[in-house]
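# Close look at the chain arrangement
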Amino acid sequence: MRVYAVDINAAQRETLGLTATEEGVLTRLRLWYLWTERPLPDDWCWIYAIAGVGQSAPYAERQAVANVVQRFFVYVKRDGGHVWVRREYDDLIAASHAAATGQRTGGADDANSA
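Since this is a predicted model, take the numbers as computed values, not measurements. (Residues numbered from 1 in each chain as written. Predicted model: local features only at pLDDT ≥ 70, side-chain atom pairs only at ≥ 80, totals over all residues. Heavy atoms only, no water.)

## Remarks on the confidence of the model for the protein
In this model, the protein carries an average pLDDT of 87, and 86% of its residues clear a pLDDT of 70 or more. Of the regions scoring below 50 in pLDDT, residues 110-114 engages in two contacts with residues more than four places distant in sequence or in other chains. (pLDDT = per-residue confidence, 0-100. Contact = heavy atoms within 4.5 Å.)

## Re the pattern of salt bridges
For side chains of opposite charge, pairing can occur when their charged atoms come near one another. Enumeration over the complete set of coordinates arrives at five salt bridges. Taking the shortest distance from any N to any O, the salt bridge between Arg86 and Glu14 comes out at 2.4 Å. Within this pair, whereas Arg86 is found in the loop between strand E3 (81-85) and helix H5 (87-100), its partner Glu14 is found in helix H1 (residues 8-15), the two being separated by 72 residues in sequence. Members of the salt-bridge network, linked through shared partners, are Glu14, Arg30, Arg86 and Glu88. (Salt bridge = Lys/Arg side-chain N within 4 Å of Asp/Glu carboxyl O. Helix = DSSP H or I, 4+ residues; strand = E, 2+ residues; numbered from the N terminus.)

## Considering the pairing of E3
Of the pairings in the sheet, the one linking strand E1 (residues 40-41) to E3 comprises two bridges and is antiparallel in character. Considered in E3, the bridge of Pro41 is made with Val83. Summarising the sheet, strand E2 (residues 74-78) and E3 pair through five bridges and their orientation is antiparallel. Residue Val74 lies in a different strand from E3, and its bridge partner there is Val85. Between E2 and the antiparallel strand that follows it, E3, lie two residues; Asp79 among them carries a positive phi value of about 55 degrees. (Pairing = 2+ DSSP bridges.)

## Remarks on the packing of helix H2 (residues 20-36) against helix H4 (residues 59-72)
With their axes 9 Å apart at the nearest point, H2 and H4 run at an angle of 60 degrees to one another. In this view, H2 runs oblique relative to H4, as classed from their interaxial angle. H4 is crossed by H2, and the crossing has right-handed handedness. Every residue of H4 that contacts H2 at Thr21, Glu22, Val25, Leu26 and Leu29 is listed here: Glu61, Ala64, Val65, Asn67, Val68, Val69 and Phe72. (Axes fitted to C-alpha atoms, helices over the stretch in contact; angles between N-to-C directions. Parallel < 35°, antiparallel > 145°, perpendicular 65-115°, else oblique. Left-handed = near helix turned anticlockwise from the far one by under 90°.)

## Details of the sheet that holds E1
With respect to topology, three strands assemble into an open sheet ordered E1-E3-E2, the strand pairing being antiparallel. Bordering the open sheet on either side are E1 and E2, each of which pairs with just one other strand.

## Concerning the nonpolar core
Burial of nonpolar side chains together is a common tendency in soluble globular proteins. Counting 24 residues, the largest nonpolar core has Leu29, Leu40, Val65 and Phe73 as the members making the most contacts within it. In terms of residues, this core owes the most to one element, H2, which gives six residues. Excluding anything up to four places from it in sequence, Leu29 contacts Leu40, Ile47, Ile50, Ala51, Val68, Val69 and Phe73. (Core = buried A, V, L, I, M, F, W, Y, C linked by side-chain atoms within 4.5 Å. Buried < 20%, exposed > 50% of the residue type's maximum accessible area, 1.4 Å probe, protein only.)

Rendered as structure tokens:
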């Protein structure tokens, strides 16, 4: 997935109360999740790398990553292992795939294609 629409009001509500660092972490994790179309791995070293926070980063930055992951993602068992998922992102990916394969249901584009 290379392009996605942002609901500015929803994004503002979602990030209200986050620190600047936490908001940056959430943005990086969102972009990686949508770009790779995969959930976050069950590997904190990898999650820190995705978020742009190295293992030698200050404790506050590593804690910001943990706070964001635990607040916005759900830890689930999938494909014989565990991952961190976010349903909203999975829905965006599914909608993108449906649009790419022409499986839309209703909407202006379908009306114009007849």
